[in-house]
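# Inside the fold
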Amino acid sequence: MRLQFVFGEVLRGLRRNATMVVSVVLVTFVSLTFVGAAALLQVQIDKLKGDWYDLVEVSVFLCPEGSTEPTCAEGEASPEQISTLERTISTELDGVVSTVYFESKSDAFEAFSAQYPDGYQGTQLTADDMQASFRLQLADPEQYQVVDEVLSGRDGVEVVEDQRAIFDPLFLALNRASLVAVGLAVVMLVAAALLIITTIRLSAVSRQRETGIMRLVGASTLFVQLPFMLEGAIAALLGAVLAVVGLWAAVQYLVVDWLAASVDWVEHVTPADVLTIAPLLLGLAVAVAAVSSAVTLHRYTRV
């Protein structure tokens, strides 16, 4: 009987404040969509890093003829210097470097010719114009600094380059976009909390007579406040469910069905990732509703 009365009061309150409830649902939906988008963007960044960071290499370019680097004072890297570098990589970088490939000038010219069969910008180059290098695959791509410290400044080495530098600007832009989404989500969550507070306040004020009677007949504080708490929680949860459904649909139809079909060389987020973050969105909605209720009910349900 008590539960039936509580749910009846909840439905009555939702009908009385239908406009405010719809506003809460929509604002919660928008705010949690931003939260979910930021979370999915971080998942996508992690997937890209997992795909690309495992493929990138550290390139150790050897001195060509005419280089002005101090380590190239003796001219083009000699066979002795190359042998010394090979020993250094195998001893001092053991466990850091998983694979070593030496690309000679002829190997570099062969790769160049395959990529630019008609020459580069109208200029025909020869094998003598190429630059020999070591291509190092790291066991942990984050340990580039170790390789740089060991090999930079050695005789015969012109420069040590990490191919991750190509991707880092992209990841930086994606991370900043994620932060913008989080910032917008925080603003919208504050708006949702204020709307929930206003909705509960209006509902409590409109039912002060009923709550007064309930106090007089000995109803507990929890029993009096429960209908108002449920109203806010239901509205927030509806917004969260809409956000999850919207994100799932966006990922399924925009990412999986469309983007992945044309850009199939990277791993994309999937609807399963949306379901993974769904508990976060639902829990955040409940938390916002609970805080909003606690701020309001202690004042407006007392007579």
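Residues numbered from 1 in each chain as written. Predicted model: local features only at pLDDT ≥ 70, side-chain atom pairs only at ≥ 80, totals over all residues. Heavy atoms only, no water.

Let's shift gears to the sheet that holds strand 3 (residues 133-138). The strand order across the open sheet built from four strands is 2-3-1-4, with neighbouring strands paired in antiparallel fashion. Of all strands in the sheet, those with a lone pairing partner are strand 2 (97-103) and strand 4 (157-162), marking the two edges. Strand-to-strand twist of the sheet, defined as the mean angle between neighbouring strand axes without regard to direction, takes the value 15°. By the bridge criterion, five bridges tie strand 1 (residues 58-62) to strand 4 in an arrangement that is antiparallel. The partner of valine 58 across the bridge, within strand 4, is aspartate 162. Along the sheet face, helix 3 (residues 79-92) touches strand 1, strand 2, strand 3 and strand 4 and points at about 5° away from the line of strand 3. Along the sheet face, helix 5 (residues 144-151) touches strand 1, strand 2, strand 3 and strand 4 and points at about 175° away from the line of strand 4. (Pairing = 2+ DSSP bridges. Helix = DSSP H or I, 4+ residues; strand = E, 2+ residues; numbered from the N terminus. Axes fitted to C-alpha atoms, helices over the stretch in contact; angles between N-to-C directions. Contact = heavy atoms within 4.5 Å.)

Attention now goes to a nonpolar patch on the surface. A surface patch of nonpolar side chains, about 360 Å² in accessible area, is lined by Leu237, Val241, Val245, Leu282 and Val286. For the nonpolar patch, the secondary structure elements donating two or more residues are helix 8 (221-262) and helix 9 (271-300). Ranked by residues supplied to the nonpolar patch, first place goes to helix 8 with three residues. As for its position among the elements, valine 241 is in helix 8. The partly exposed category is assigned to valine 241, whose relative accessible area is 42%. (Patch = residues over 30% accessible without salt bridge, like charges linked within 9 Å, V, L, I, M, F, W, Y side chains within 5 Å. Areas by Shrake-Rupley, 256 points an atom, 1.4 Å probe, with all protein chains shown as cover. Salt bridge = Lys/Arg side-chain N within 4 Å of Asp/Glu carboxyl O. Buried < 20%, exposed > 50% of the residue type's maximum accessible area, 1.4 Å probe, protein only.)

As a further point, take the state of the cysteines. This model, assessed by the stated rule, comprises one disulfide. Through a disulfide, cysteine 63 is tied to cysteine 72; the S-S separation comes to 1.9 Å. On the S-S bond that ties cysteine 63 to cysteine 72, the torsion sits near -75°, and the link is left-handed. Comparing cysteine 63 with cysteine 72, the two get one shared label, buried. (Disulfide = S-S within 2.5 Å.)

The description of an aromatic ring pair uses the distance of the two centres, along with the angle that the planes make with each other. Evaluated as defined, the whole model comprises one aromatic pair. Ring centres of phenylalanine 102 and phenylalanine 134 lie 5.1 Å apart, and the angle between their planes is 55°; this geometry places the pair in the tilted category. On the criterion of sequence distance, the pair formed by phenylalanine 102 in strand 2 and phenylalanine 134 in strand 3 is long-range, its members being 32 residues apart. (Phe/Tyr/Trp six-rings, centres within 6.5 Å; stacked < 30°, edge-to-face > 60°.)

In this structure the tally under the stated criterion is five salt bridges. Among the ionic contacts, a cluster of salt bridges with common partners joins Lys47, Glu267 and Asp273.

A few words now on the UniProt feature "transmembrane region" (unreviewed entry) in the protein. The sites that carry the UniProt feature "transmembrane region" (unreviewed entry) are, in the present numbering, residues 20-41, 179-200, 237-256 and 276-297. Overall, residues 20-41 shows 100% helix and 0% strand. The separation of its end C-alpha atoms is 31 Å. Helix makes up 100% of residues 237-256 and strand 0%, whereas the separation of the span's terminal C-alpha atoms amounts to 27 Å. (UniProt positions renumbered as here; feature names shortened; annotations may be inferred.)

A separate point is the environment of arginine 164. Counting through the fold element by element, arginine 164 comes out in helix 6 (residues 164-206). Through-space distance from the C-alpha of arginine 164 to that of proline 141 is 8.4 Å; in sequence the pair is 23 residues apart.

Side chains of residues three or four places apart in an α-helix project in the same direction, reflecting 3.6 residues per turn. Tyr144, Val147, Asp148, Val150 and Leu151 are the residues of helix 5 that are buried. End-on, the buried residues of helix 5 take up no more than an arc of 170°, which puts them together on one face. (Arc of directions from axis to C-beta.)

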